[in-house]
Amino acid sequence: MLRACAKPDLACASPHADTGSPCAWCRYAGVPFDADALDIRLGPIGLMTAGQPLEFDAKAASAYLKDTTAVHGTVHINLRLGDGPGAGVAWGCDLSYDYVKINAEYTT
């Protein structure tokens, strides 16, 4: 699942911080999981809990992307798939400065 979530072409599929893309990443992996247990965080910002989208501050999400990448270039997207014992970390590397800048400024 981690490999699917870190694929650059999937990370580039979403032009903004939302819950749809991380859900799609998990489904794309082809690994069974309980979508009703899915939690998603963009750094400190909750996007989904128990499979339900959360209202979030889009400006704060944009600022997180812009500010975090300006400092160290690393954006944290945390996916919790349930209560199982497994854990992992994946690194993706296709988030260029310009890509992140465009996405940090994007609004719907």
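Preceding this section is the structure that the text describes.
A brief look at the structure comes next. (Residues numbered from 1 in each chain as written. Predicted model: local features only at pLDDT ≥ 70, side-chain atom pairs only at ≥ 80, totals over all residues. Heavy atoms only, no water.)

**Structural notes on helix α5 (residues 97-105)**
For α5, the full list of buried residues reads Tyr99, Val100, Asn103 and Ala104. The arc enclosing the buried residues of α5, seen along the axis, measures out at 125°, which places them on a common side. Across from the buried face of α5, at angles greater than 90 degrees, the exposed residues are Tyr97 and Ile102. (Buried < 20%, exposed > 50% of the residue type's maximum accessible area, 1.4 Å probe, protein only. Helix = DSSP H or I, 4+ residues; strand = E, 2+ residues; numbered from the N terminus. Arc of directions from axis to C-beta.)

**Here's the deal with the side chain of Thr68**
Residue placement: Thr68 occurs in helix α4 (residues 58-71). Thr68 has contacts with Ala63, Gly73 and Thr74, leaving out every residue within four places of it along the chain. (Contact = heavy atoms within 4.5 Å.)

**Quick word on the sheet that holds strand β1 (residues 39-42)**
Spatially, the four strands line up as an open sheet ordered β3-β2-β1-β4, and their pairing is antiparallel. The sheet is open, and its two edges are formed by β3 (52-53) and β4 (77-80), each paired on a single side. (Pairing = 2+ DSSP bridges.)

**Details of α4**
Taking 1.5 Å per residue, 14 residues should reach 20 Å; α4 reaches 20 Å between its end C-alpha atoms and fits that length. Every buried residue of α4 is accounted for by Ala61, Ser62, Tyr64, Leu65 and Thr68. Viewed end-on, α4 has its buried residues packed into an arc of 155°, placing them on one side of the element. The outward face of α4, more than 90 degrees from its buried face, is lined by the exposed residues Lys59, Ala70 and Val71. Contacts made by the buried residues of α4 are with β1, β2 (45-49) and α5. Two to three positions downstream of the cap, the backbone nitrogen of Lys59 sits 3.0 Å from a side-chain oxygen, assigning the N-cap of α4 to Asp57. (Expected span 1.5 Å × (residues − 1). Polar contact = N/O pair within 3.5 Å; in protein donor to acceptor, adjacent residues only side chain to side chain.)

**Re the side chain of Ser62**
With respect to the helices and strands, the residue Ser62 is situated in helix α4. The buried category is assigned to Ser62, whose relative accessible area is 16%. The residues contacting Ser62, other than those within four sequence positions of it, are Ala104 and Glu105.

**Focus on the pairing of β1**
Along β1, the buried face is formed by Ile40 and Leu42; none of Asp39 and Arg41, which line the opposite face, is buried. Looking at chain direction, β1 and β4 are connected through four bridges and run antiparallel. Bridging from a neighbouring strand, Leu42 pairs with Ile77 of β4. Where β1 meets β2, three bridges bridge the pair, whose relative direction is antiparallel.

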